[in-house]
Structure formats: C-alpha cells, structure tokens
Amino acid sequence: SGNGMLPVQILKDHAQEERGDNARLSSFVGAIAIGDLVKTTLGPKGMDKILINGNPDRNDIKVTNDGATILKSIGVDNPAARVLVDMSMAQDQEVGDGTTSVTVLASELLKEAEKLINMRIHPQTIISGYRKGLKLAQDALKASSVESGTKLREDLLKIAKTTLSSKILSQYNDLFSTLAVDAVLRLKGSANLDAIQIIKKLGGSLNESYLDEGFLLEKMPGMYQPRRLENAKILIANTPMDTDKVKVFGSRVRVDGVAKVAELEAAEKLKMKEKVDKILTHKMNVFINRQLIYNYPEQLFADANVMAIEHADFEGIERLALVLGGEIVSTFDTPEKVKFGHCDLVEEIMIGEDRLMRFSGVALGEACSIVLRGATNQILEEADRSLHDALCVLMTHVKDSKTVAGAGASEIIMSNAVLNGAQKVAGKEALAVQAFGQALSALPTIISDNAGLDGADLVTRLRADHANGKSRMGINVEEGTISDVVELGIIESLQVKMCMISSAAEAAEQIIRVDDIIKCAPRPRAPDNRPC
C-alpha cells in the first residue's frame, strides 16, 4: 500500500460522473442550446418548427411554434435541458402562454451566469443576486399594471389578439380572438375549460370556424328514430345494451342442437326487452348510452319514439352530463331518483361532410362548442393548440384582471428597474443583479431580431425612452420602429408575465446550483438465451 496514487473507484462500473466546471459547462451548454432552439419562434414574426415522429412507419408530423409542444416532442438527454422542458410544460399548464418566453429567459439568465462564473464569482453569490433582481422586477411589473375594471371585454380581446399574434391564427386574429373571448365570457367566471368543447373538422378554411351556442356530439341516433326533438328530457346512461344475441364466439354453451341456441337467444331477447321497458318507464325522449346498443333494443326505442344514441364515448358522456345538468345512470330500478338532463332542442346538423347531433338551449348556459375548420390535420392541430393557449390566458385574466404592456415594454420596464436597483447593491452581488437586468432585455432584442430588425438599436432606444418616463413604449414589429404599445392594443395579462419571470428565475437558479452530475450505471440485463 506504499503507492497512494492509485485512483479509488467509488462508483459502479459504467456510472459516469462530471465534476465542478465540467458539470456546470455541460448543464449550461444544454440549457442554452434549448433556448436557441425555441428562440426563433418568439414574437409575431417568429417561425414554426416541423416535428417528425421518429417511427418511420408512423410518420405523423406536427407543425408548431408553441414552445411547450416543441420541447415536449424532442427527447432531451441533457439533464439541465430537461429542467427547462419541465418548466415550460408547467408554464403551459399554469397559464397557457409564454412557454417560449420562459425558456428563452431562463437560457439568457444562464448565459449571463456563465460569464459571471468565468469572472470567478461564486454560484451562490449569483443566485442571491438573481433573487434580488427577481424581486425588483416583480415589484416594477406590479407597479406598471393596470386594472381592467369595466373594460374587461375590451382588454380580454386585446390580450387574446396579443397571444394569437404569434400563432398560426394571426391571419384571422379578429375572428379567433372574438371566438375565444365569447367562449370564456360565457363561462361567467367558472374556470371549467371542459365546458368549452373544441371540435376539429377537416375541410374548409380557418376563417370558417365558428362558435356554436349549443353542445355538439359527434354521434347519430339509431334507425327510424326521431331526428329532431324539442324539450328533450335526456337520460344519460352507461350500461350494456348488447345482450340480445348469445355471443357465439365469446361464450361456450353446451347444447344438444341448434334449436336450443335459439331458445337461449329468445331468453336473452326477453331479458333485453325487460331492460328496455324498465328504461322506458323513465318517460324520457332521448336516451344516450356510453356503450353499444344492438339492433333489437334500437328497434324497441324506435317503436317508443325515443331517440337513442349509442357509443357516446367516455369524454362525450362526462361532458354531456356536465352540460345538460343530468347524472350518469347505470341501474334503472328507481326512476323517481334519476336526475335527467334537459335541453330545448336536439337536432341533426351538418358540418362539411359530417353529421352531428346538436343540443341547444342546454341547462348549463356556459357551455359552447367551437368548431375549427382547416385544410390539413396539422393546421387543425396547431389551431387547436393556439386556441387552447388563448383560452387559458383569458381564464387566468378573468381571475385576476390586471394588464401590463406587451411587445417588450414590460421587459424593459423590469430591466431598467433591475439595473437601477443594482447600483444600490454592494459587492459582487451587484454584478449578478445587473446580469438579471441584462437577461430581461434579451427578450425584446430577440423579438425584433426575429422580425429582421436591428434589435440592439431598438432596445437601447427603448431604454432611453423608458428612462425619460415614457414607459408605454415597446417594439412595433409591423412598422419596424418603437411606439406606444398600449395605444396599439398590445397588452398582456399580469399573471402570465409574473408566472413567466418567476419560473425562469427558479429554473435558472436550480441549474446554476449544480456542480456535479452523476449518471447511474444502467441495470445489467441477463443475457437472453431462450430458444427462439
């Protein structure tokens, strides 16, 4: 044991470890790469990405510029990049929009941190500086916000337009922002997105999309049953209605001859008839079942002049029960206790080639369906995602209705506040606070760079204007100059912005703290020597 130079191996075979600067480098590089990936989708002139599923046999593609969707679809190996992906997903669930901005901001914060670390500043110092910066930024943002008050509808429209301006729907911005606002205002403050149903139908073009006041179900009633009913009393059920034949393949019956099978079938048929009679004692005129309804019971319903709709899948049933104010029933012995759904009119309508049932005048007046039309599946999917983003943002705004200026104005407000605050901080921490302010101003720079403008020039001009008290100036991408964005109607919801900067700062902080990455050894597999 004389030579103490032998390396001691602590980790198992095949486990890898990166330490100190290496680890930090690899996490910064990964996170910054992710930021660069989505950076080009930022802003109204941002570009889209095509994502292709790796399976050659299922090559479905997505065309999108929604940050969360892009990040969700790329498998990321780098651990730090994973953190950003998760953060973007959280932003998507929390407020719906700002998924790209949050990723870009976090990666800018890391770029700045990398510079500071190269200047030999300790990571913990950077973190505490960033915390101070975040506090300054949030206070400045809150101070700049305006209550919507009586102008709620106008503000919602503007916010929806701002959100949609960077998406595929920006061509028909007015149509879709009105759609989204109408849908959300119908909810009257209940944050139940389930009541807004989005139906995608291929064909037509995006501007043929519309909001349907009723509730649409993509199912049809059975043969010879009424196609249109007024004052519908609806029984929503989840029960098997397919036992009028012996399922020859599924069951083993020992019989002496075929005649016996016929007897069995007759018995089954009788059971079925009893069940239908039981259901009919409920005196409803629409029966909607989650499961199949076979021909025989269908015919019985037709005889009773009841509209029976089969196979309304789970989601359809849950939504129907919610919207029609009924409950889902599985046993039919107590008609007096059943809670029926009601609506004024059930009728059949056509959309493109497809026939749907439409329930209008439903009990839950909030509910509505948005029908999206589009030329390809990819367009429909992207339109659905964009609309979903807009709906989420509007929901968030209805809960807490304060607005801030968009188009990079709020970022500059925060950035200036942070840079001014940095001068009051002593020690190396001040450099970190300053870096936080720099990172914030990267967002408007990127927005203008994406539009082919000179970002550095515009942002320095914005800074000067804001310092002179014109705090409503932002980037006007259309004109290529800076202008008063509040007059242009480019505003965003305070909540969305707050969520964005705090998520980005937290994620960046988490990555800066790392100084060691250990990969566990993969689990050894026993050699597979079974005979083929």
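The structure displayed is predicted, hence computed values, not measured ones. (Residues numbered from 1 in each chain as written. Predicted model: local features only at pLDDT ≥ 70, side-chain atom pairs only at ≥ 80, totals over all residues. Heavy atoms only, no water.)

### Comments concerning the sheet that holds strand 5 (residues 196-202)
Sheet strands pair via backbone hydrogen bonds, and the direction of the pair is either parallel or antiparallel. If you walk across this open sheet you meet the three strands as 5-14-6, and the pairing is mixed. Pairing within the sheet leaves two strands with one partner each, and these edge strands are strand 5 and strand 6 (210-212). Mean inter-strand twist for the sheet, computed between neighbouring axes without regard to direction, equals 25 degrees. By the bridge criterion, three bridges tie strand 6 to strand 14 (residues 368-374) in an arrangement that is antiparallel. Looking at the pairing, Leu 211 lines up with Ile 370 of strand 14. Against the sheet, helix 11 (residues 377-399) contacts strand 5 and strand 14, and its axis sits at roughly 160 degrees relative to strand 5. (Pairing = 2+ DSSP bridges. Helix = DSSP H or I, 4+ residues; strand = E, 2+ residues; numbered from the N terminus. Axes fitted to C-alpha atoms, helices over the stretch in contact; angles between N-to-C directions. Contact = heavy atoms within 4.5 Å.)

### Remarks on the side chain of Ser 145
Tracing the chain through its elements places Ser 145 in the loop between helix 5 (123-144) and strand 4 (146-147). For Ser 145, a relative accessible area of 17% puts it in the buried group. Residue contacts for Ser 145: discarding those within four places in its chain leaves Lys 402, Thr 403, Val 404 and Leu 494. (Buried < 20%, exposed > 50% of the residue type's maximum accessible area, 1.4 Å probe, protein only.)

### Overview of the sheet that holds strand 4
One open sheet accounts for three strands, arranged 4-15-18; its pairing is antiparallel. The sheet is open, and its two borders are formed by strand 4 and strand 18 (491-493), each paired with just one other strand. Looking at chain direction, strand 4 and strand 15 (residues 402-405) are connected through two bridges and run antiparallel. Bridging from a neighbouring strand, Glu 147 pairs with Lys 402 of strand 15.

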